[in-house]
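A closer look at the structure
Chain by chain, the residues:
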Amino acid sequence: AGIDVIASFAETASVLNYTKPQVHNGDELQILEGRHPVVERNCSDQFVPNDVLLNSSSQQLVILTGPNMGGKSTYLRQVAIIVLLAHIGSFVPARHAKIPVVDRIFARVGGSDNIVQGQSTFMLEMQETAKILNTATSKSLVLLDEIGRGTATFDGLSIAWAVAEYLATNDRAQPKTLFATHYHELTDLADSIPGIVNYHVVAREWKD
């Protein structure tokens, strides 16, 4: 079984143009021309690669804005998959990848509920978010997608703002975080808190 896994890694890396990641005990997470391995294989058009840079000083938390269906969730998942692949010994879908050892990958992505047990979508989101805030360390990777959307606009904005601010300023742990949101007000955090930066997903047609 072990040989089968390693052989599969090798064949995938060769056929799909993956590269060997540099896994290290330092701080910086840098991916150049990364690709989502599943979306890339299933979309009719060429997948547009993209970069990510996270560290504990200048880019600890990224506020990611952009339109619906613009690729924010794909970007979050892509980073998580590349980090996971690097940790299990696989090459990764990127031109270059420098991956720090992480202790956990936390993801609050997508909507679900458990009505039978009296748990709404909003309740589950808050429970999962609270677990992340209480468990993540400075060596964790945290992916948050549209926190606060299950309630009133200003309530949701307040929750999202508080979560982002806590992740960037908590003395106990400041995990590397990608925070996708429709609350453009959160971009103001980058002006007042070191380590928070703003990124925006855009789509552009060029030569058809």
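Residues numbered from 1 in each chain as written. Predicted model: local features only at pLDDT ≥ 70, side-chain atom pairs only at ≥ 80, totals over all residues. Heavy atoms only, no water.

1. Considerations on the nonpolar core
Counting 25 residues, the largest nonpolar core has I31, V52 and L178 as its most contacted members. The biggest single contributor to this core is helix α3 (residues 72-87), with eight residues. If we skip the residues at most four places from it in the chain, L178 touches V52, L54, V62, Y75, L76, V79, V142, L143 and L144. Ranked by size, the runner-up nonpolar core spans 21 residues in total, among them L61, I63, L157 and I193. (Core = buried A, V, L, I, M, F, W, Y, C linked by side-chain atoms within 4.5 Å. Buried < 20%, exposed > 50% of the residue type's maximum accessible area, 1.4 Å probe, protein only. Helix = DSSP H or I, 4+ residues; strand = E, 2+ residues; numbered from the N terminus. Contact = heavy atoms within 4.5 Å.)

2. Re the sheet that holds strand β6 (residues 105-108)
The strand order across the open sheet formed by five strands is β6-β7-β8-β4-β9, and the pairing between neighbours is parallel. Every other strand in the sheet has two partners, leaving β6 and β9 (196-200) as the edge strands with one partner each. Between one strand axis and the next, the sheet turns by 15 degrees as a mean value, whatever way the strands run. Here strand β4 (residues 61-65) runs beside β9; their pairing, made up of five bridges, is parallel. Across the sheet, the residue bridging to L64 is Y199, located in β9. On top of the sheet, α3 reaches β4, β6, β7 (141-145) and β8 (176-180); it is set at about 160 degrees to β7, its chief contact. The sheet contacts of helix α4 (residues 121-135) involve β6 and β7, and relative to β6 the element is tilted by about 155 degrees. (Pairing = 2+ DSSP bridges. Axes fitted to C-alpha atoms, helices over the stretch in contact; angles between N-to-C directions.)

3. A look at the sheet that holds strand β2 (residues 29-34)
Within a sheet, each strand pairs with its neighbour through backbone hydrogen bonds, oriented either parallel or antiparallel. Strands sit in the order β1-β5-β2-β3 across an open sheet of four strands; the sheet is mixed. A single partner strand is all that each edge strand has here, and the edge strands are β1 (22-24) and β3 (50-54). Neighbouring strand axes in the sheet, compared pairwise and without regard to direction, differ in orientation by 15 degrees on average. By the bridge criterion, three bridges tie β1 to strand β5 (residues 96-100) in an arrangement that is parallel. When the sheet's bridge partners are listed, Q22 is paired in β5 with K98.

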